[in-house]
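Analysis of the macromolecular model
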2 protein chains.
Amino acid sequence: MDARTPSALKPRKRPRQARARVTVDAIFEATIQLLLKDGPHRLTTTRVAERAGVSVGTMYQYFPNKQALVYALNERYLEVLAEKIESTCRAQHGAPIGQMVEALVDTYWRAKTERADVTRALYRSVAEMDNQTLVDDFAARVNAATTAMLASASDTTLDDLEATNLTLVTVIFGTVRNAFERTLPAAQAEALRGQLVTMCRAYLDAVTA
Amino acid sequence: MDARTPSALKPRKRPRQARARVTVDAIFEATIQLLLKDGPHRLTTTRVAERAGVSVGTMYQYFPNKQALVYALNERYLEVLAEKIESTCRAQHGAPIGQMVEALVDTYWRAKTERADVTRALYRSVAEMDNQTLVDDFAARVNAATTAMLASASDTTLDDLEATNLTLVTVIFGTVRNAFERTLPAAQAEALRGQLVTMCRAYLDAVTA
DNA sequence: GTAATATATGAAGGATTGCTCAGGTTCAGG
DNA sequence: CCTGAACCTGAGCAATCCTTCATATATTAC
């Protein structure tokens, strides 16, 4: 758990026994399902506990309040996502730059598509409860990884690494998100993903020449 | 008011006298301010009325419930935004395609930047209350306008107008939104806007050649 | 086996919220 | 000036909702 986590949102205690770990997982899963079904403003501690098959009191043994629950959920999700991105960046170290962005788009797109409904549910929950800290931390972490990757490109050195990196990351992440909110038919979504890669490559050609 | 507005969200009645119009405006403004200050999940009918300087009952004379209030607010905002975009598209009819996207980015970016705080507040409120209908309508409207514009380009005809249009719109809108959530320093934001234009132009060169 | 610890329960308290309604005030038209 | 329509008031009801705590069970360590 991040040291930067606001104290009011820090988990009360970690599960030590196996059954407790099962319980906490069930609580997380129940939260996702409810977020999905009813949206964030109908997310209730009672309902979460009910669906998780535990009592409210149990939930409060691990999370000091409702917000902390959603916070922890997003933290968990972003942690996994950040790791995937970092892994891709490491794998592409020293590759040609065009291949890099393609890999980045692929990784991010796939991560979001794997459980599209969960993605949507969490996007909404981040907005409702305010988890800006989480988002900022995530952004910083991703930024470091992609910057390092781009700097190692075998076929070019970028004039303004910072600016190009910021542009690529913002465009890719923003586009993916927007694509999700439109709930496009699969074929169109797939086409869009291809076009996004084309676009990024064209951009890199332009700022490289 | 759109005919597609779900009946549970339709305004109860329109203000007929001048003082009533003032009241409704005050209610809208109060909603924005509270959304800004405390986020959507602390938006309360009592608080809205209080800050607007009217009583709760007054609010309920024009809106059947809280959700309808937020809905109407976003409807108003998106209406203005859609008009700006349509206006730009008309103005660029028959222009070179590169100039078109530049104008589109400019218009959208400026519209969002003019009152950046309001933009952020509304982004969040759309997510919390579910106003998907509004977003979909907006998307369809913008789509029609930009498609018509792109089709009239003086210097090229696009192979796949639909796909290119979808790509451009999704990328531009998504990027702008993401840029806002990161609360970038003004200089970086400005640079990003420029890079976005470069990117779109490079993309158009690529799919046109 | 037993003490210490971890985990689970759920009724109930306290606070808040969305919304109504019976009764007032202001305005516009005649 | 008068009357009906438009507009406004705000105490209070009903419905939740978040959270606690006294109590009970399961697990681990010895």
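Residues numbered from 1 in each chain as written. Chains lettered and ligands numbered in written order. Predicted model: local features only at pLDDT ≥ 70, side-chain atom pairs only at ≥ 80, totals over all residues. Heavy atoms only, no water.

Side note on the environment of A:Tyr62
All names here are of chain A.
- Structurally, the position occupied by tyrosine 62 is in helix H3 (residues 56-62).
- In the structure, tyrosine 62 is positioned 28 residues away from leucine 34 in sequence and 19 Å away in space, judged by C-alpha atoms.
- Not counting residues up to four positions away in its chain, the partners in contact with tyrosine 62 are Pro11, Arg12, Lys13, Arg14, Pro15, Ala20 and Val24. (Helix = DSSP H or I, 4+ residues; strand = E, 2+ residues; numbered from the N terminus. Contact = heavy atoms within 4.5 Å.)

Points about the interface of chain B and chain A
- If you look at the interface, chain B gives 35 residues, while chain A gives 34 residues.
- For the pair chain B and chain A, the two sides together bury roughly 3200 Å², of which 62% comes from carbon and sulfur.
- The interface formed by chain B and chain A contains two salt bridges.
- A:Arg177 is paired through a salt bridge with B:Glu181; the nearest N and O atoms lie 3.1 Å apart.
- Counting residues per element, the ones that place at least two in the side of chain B that touches chain A are helix H6 (116-128), helix H7 (132-151), helix H8 (161-181) and helix H9 (186-208) of chain B.
- Of the residues forming the side of chain B that touches chain A, the biggest block, 13 residues, is contributed by H8(B).
- Looking at side-chain class alone, the side of chain B that touches chain A contains 18 nonpolar, eleven polar and six charged residues. (Buried area = accessible area lost by both parts, 1.4 Å probe. Salt bridge = Lys/Arg side-chain N within 4 Å of Asp/Glu carboxyl O. Nonpolar A, V, L, I, M, F, W, Y, C, P; charged D, E, K, R; others polar.)

Focus: the relation of the copies chain B and chain A
- Between the two copies, chain B and chain A, the superposition gives an RMSD of 0.1 Å; the rotation angle is 180° and the shift along the axis is 0.1 Å. Such a turn and shift between the copies fits a two-fold axis. No C-alpha of chain B lies nearer the rotation axis than that of B:Gly174, which sits 2.1 Å from it.
- Looking at chain B, 97% of its interface residues are interface residues in chain A too, so the copies touch through the same face. (Least-squares fit on C-alpha atoms with pLDDT ≥ 70 in both.)

Details of the side chain of B:Arg177
- If you trace the backbone, B:Arg177 turns up in helix H8.
- The contact partners of B:Arg177, leaving out residues within four places of it in the chain, are A:Arg177, A:Glu181 and B:Tyr123.

Here's the deal with the domain arrangement of chain A
Residues and elements named next belong to chain A.
- Taken domain by domain, chain A holds domain 1 (7-67) and domain 2 (73-208).
- Relative placement of domain 1 and domain 2: their C-alpha centres are 30 Å apart.
- Facing twelve residues of domain 1, the contacting portion of domain 2 comprises twelve residues.
- Summing the contributions of domain 1 and of domain 2, the shared interface buries around 1200 Å²; its carbon and sulfur component is 68%.
- The largest contributions to the domain 1 side of the interface with domain 2 come from Phe28, Ile32 and Pro40, which together make up 43% of the buried area. (Domains from an automatic or database assignment.)

Quick notes on the protein's contact with DNA strand D
- Taken together, 24 residues sit near DNA strand D, with A:Tyr60, B:Arg16, B:Thr23, B:Ser55 and B:Gly57 positioned nearest.
- Backbone atoms, meaning sugar and phosphate, make up 68% of the atoms of DNA strand D lying within 4 Å of the protein.
- Note that a phosphate oxygen of DNA strand D is positioned 2.7 Å from one of the backbone N or O atoms of B:Arg16.
- Listing elements by their share of the surface near DNA strand D, those giving two or more residues are helix H2 (45-52) and H3 of chain A together with helix H1 (18-38) and helix H3 (56-62) of chain B.
- Looking at the surface near DNA strand D, the element that brings in the most residues is H3(B), giving four residues. (Near = heavy atom within 4 Å. Polar contact = N/O pair within 3.5 Å; in protein donor to acceptor, adjacent residues only side chain to side chain.)

As for the packing of aromatic side chains
Residue and element names in this part refer to chain A.
- One pass over the full model with this rule turns up six aromatic pairs over all chains.
- With 3.9 Å between their ring centres and 5° between their planes, tyrosine 108 and phenylalanine 173 make a pair best called stacked. Here phenylalanine 173 lies in helix H8 (residues 161-181) and tyrosine 108 lies in helix H5 (residues 97-114), a separation of 65 residues in the sequence.
- Overall, the relative accessible area of 5% leaves tyrosine 108 in the buried class.
- Counting every residue linked through ring pairs, the aromatic cluster contains Tyr108, Phe138 and Phe173.
- The positively charged end of arginine 177 is found above the aromatic ring belonging to tyrosine 123, 4.3 Å away from the centroid. (Phe/Tyr/Trp six-rings, centres within 6.5 Å; stacked < 30°, edge-to-face > 60°. Buried < 20%, exposed > 50% of the residue type's maximum accessible area, 1.4 Å probe, protein only. Lys NZ or Arg CZ within 6 Å of the ring centre and 35° of its normal.)

Some points on the protein's contact with DNA strand C
- Taken together, 25 residues form the shell around DNA strand C, and within it A:Arg16, A:Thr23, A:Ser55, B:Tyr60 and B:Lys66 come nearest.
- Across the atoms of DNA strand C situated within 4 Å of the protein, the share located in sugar and phosphate is 69%.
- Within the backbone of B:Leu43, one N or O atom sits 3.3 Å away from a phosphate oxygen of DNA strand C.
- Between B:Arg47 and DNA strand C, the recorded distance is 2.9 Å, taken from a side-chain N or O atom to a phosphate oxygen.
- When contributions to the surface near DNA strand C are tallied by element, the ones reaching two or more residues are helix H1 (18-38) and H3 of chain A together with helix H2 (45-52) and H3 of chain B.
- Broken down by element, the surface near DNA strand C gets its largest block of residues, four residues, from H3(A).
- Classifying every residue of the surface near DNA strand C gives seven nonpolar, eleven polar and seven charged.

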